[in-house]
Amino acid sequence: MSFQRASGILLHPTSLPSPYGIGDLGPAAYQFIDFLAQAGQKLWQVLPLTPTGYGNSPYMSFSALAGNPMLISPDLLKDKGLLLEAELSDIPDFSTEKVDFDAVIPYKRQLLEKAFQRFQLHDDAGFTEFCETEAFWLDDYALFMALHEENPSVVWCDWEPEVARRDPDTLRVKRRNLAQVVVLHQFMQYCFFQQWQTLKQYANERHIKIIGDIPIYVSHNSADVWANPQNFQLDPETYQVAQMAGVPPDYFSATGQLWGNPVYNWEYLEETEFAWWIQRFAFLNRHVDLIRIDHFRGFESFWQVPAGETTAINGTWQPAPGSKLFQLLEEKLGYLPILAEDLGIITPEVEALRDEFNFPGMRVLLFAFGGGPDNFHLPHHYVRNSLVYTGTHDNDTAVGWWQRSNTHERQLFYRYVVGYAAGEPINWVLIRLAMAAVSDLAIIPLQDVLGLDNSGRMNVPGIAAGNWGWRYSSESLASQLAEQLLDLTRLYSRS
C-alpha cells in the first residue's frame, strides 16, 4: 500500500508550552493541532509517549506500553473537577525554554496525587473498565512502579529474590501492601489515555494523522523485562543483562554506541509466535495512526555485545527473524501502516526486508551533503515510497548544522541548491527541498520551521545528560509561519 503524498511536523509533546514546566496534552496541544491544520499539514510525529527512566529519554522507559504521567494536563484535570483552581495558582517559576525534569517531576506528581485523592471519592465505571481491558499490561506495570518507588535506586533484578523472580505468593502480599500506590499508577494511566485519545480524535477530525514511535529495544529496568524475562537474553541466575544492544564502530564513532538494553531471545519469541511483539504492535496501533519503527535494521540482524564490555567494539552481528515476525503481524493484525527508520549500517538484506513488506524508508537532508553526488540522502536518489526529513530528533537543527558545516558540505550544497545566493534562510531552503522531493511523506522538525540554531536541539546521541528538554514558547507559532508552510505544501502537492 502506498501513502498519500503529505507532510507534517515532528514535535514531542514535552516541547509544548504550558505553565507547568513541561508540555502536556492540554490546551497548547490543541493549539498546535490547529496550527498544523492552518498550515495544511496532515501528519504529527511524536517520540515514544512512554514513562521515561534514566536520562529522561523516551527511548529508555519503564514500560513499552504505558503513557508518561508527566504528559497529563493539570488544566484538563481541573476541568473534570479533580483539581481546584487554588491548587494550580502557586506554580513554581519554571523555565519556558527547557524542561527541568528534577523540578517538574515532583511538582506534577503531587498534583496527580491530589487529583487521585479527589477521584477516589467517586465511583467511575470507566476506570473499572479501563483496568479490566488493559490488565494484560497494566497490572504488571502498576505493581512494578510501586515496587520501584520503594527502592528507586535499585534495579529490579536486585530486589529481594522472591519479588525479582515473581513468586506468586510474594507478589500477592506486595500487591496488597502497596495497594494504594498500585491504584494511583492505574489512575494515572487512565488519565493519560483518556486525554490522549480525546486529543487524537481532535487531530483526526481535522484530517491530521499521528505518527507514533516503537523503539526496537526496551530498558532492562522496566516492567516488560521484569514480567517477561524469558523474552530477553539475561543471565539465568542473576537476571542481569547477558548480551547488550548497540551499534558497531562507524564513521561517526570509533567505538560504536553501547546502549545497554538487553537484546531479544529471538528463538524463544519465535516459539511463542511472537506473541509479545504482536501484542505490542496491536496496542500502539490503537493509539496512533502510523507506526515508525526505530532501528528497523535490528529486525534483520542486530549488534550484540557481551556483558562487561564498556564499548560496542567487541560485538557480533546476529540474525533476527524479522521476515517471519512481519508476516505473522500481517496475518494476525492485517495491514499496518509501518514506517522503517533504516538509518545507520544498512545492508542489501535490510533493504530487502524493508521492501518485502513495502515499508517506506527514511532520508535525511542533513546527511545529504557529507559525501558526493552518489549519497543516497540527496533528493535525486529518492523513491516515492519513502519519508524525507530535514533532520530527526537526533540531529542538530538545520540552522545549527549550517553554522557548523565544513567546507566540503558547503561546496556540495552550493552546487546542488542552485540560487541559494538569493538569501533564503537555510532552514527554508531545506524545508523546500524536502517538500519538493518525490518522497510520498515529508516531516519537518518544528525547530526547523522556527529557524532555531543549536539551542533548539532535542538530543545528542552518546551524551547521557542534558537532552530531551527543548520547549517552544506560545508566541512562536505565528500565523505567517503557517501561511509560509501552507504555500510550500500546496506548491508541492502535499496538502
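Preceding this paragraph is the structure being described.
Please read these numbers as outputs of a predicted model, since none were measured by experiment. (Residues numbered from 1 in each chain as written. Predicted model: local features only at pLDDT ≥ 70, side-chain atom pairs only at ≥ 80, totals over all residues. Heavy atoms only, no water.)

(A) Local environment of the side chain of R363. Mapped onto the secondary structure, R363 falls in strand β10 (residues 361-364). You can call R363 buried: its relative accessible area is 13%. Not counting the four nearest positions on each side in its chain, R363 is found in contact with D342, R354, F376, H377, Y382, L387, V388 and Y389. (Helix = DSSP H or I, 4+ residues; strand = E, 2+ residues; numbered from the N terminus. Buried < 20%, exposed > 50% of the residue type's maximum accessible area, 1.4 Å probe, protein only. Contact = heavy atoms within 4.5 Å.)

(B) Representation of the sheet that holds strand β11 (residues 386-389) within the structure. Spatially, β9-β6-β3-β2-β1-β12-β11-β10 is the arrangement adopted by the 8 strands of the open sheet, whose pairing is parallel. The two strands at the open ends of the sheet, each matched to only one other strand, are β9 (338-340) and β10. Across this sheet, the average inter-strand angle for adjacent strands is 25 degrees, counted without regard to direction. Pairing of β11 with strand β12 (residues 441-445), which is carried by 3 bridges, proceeds in the parallel orientation. Considered in β12, the bridge of L387 is made with L441. (Pairing = 2+ DSSP bridges. Axes fitted to C-alpha atoms, helices over the stretch in contact; angles between N-to-C directions.)

(C) View of the pattern of salt bridges. Scanning the model with the defined rule gives 21 salt bridges in all. With its nearest N and O atoms 2.5 Å apart, the salt bridge here joins D213 to R292. In this pair, D213 sits in strand β3 (residues 209-215) while R292 sits in strand β6 (residues 290-294), placing the two residues 79 residues apart along the sequence. This pair shows no difference in class: D213 is buried, exactly as R292 is. (Salt bridge = Lys/Arg side-chain N within 4 Å of Asp/Glu carboxyl O.)

(D) Broad picture of the packing of helix α8 (residues 179-205) against helix α11 (residues 275-287). Viewed as axis vectors pointing N to C, α8 and α11 meet at an angle of 60 degrees, and their least axial separation amounts to 10 Å. Relative to α11, the element α8 lies oblique. Contact with α8, carried on its side by F193, W196, Q197 and K200, involves F283, R286 and H287 of α11 and no other residues of that element. Taken together, the residues of the contact of α8 with α11 sort by class into 3 nonpolar, 2 polar and 2 charged. (Parallel < 35°, antiparallel > 145°, perpendicular 65-115°, else oblique. Nonpolar A, V, L, I, M, F, W, Y, C, P; charged D, E, K, R; others polar.)

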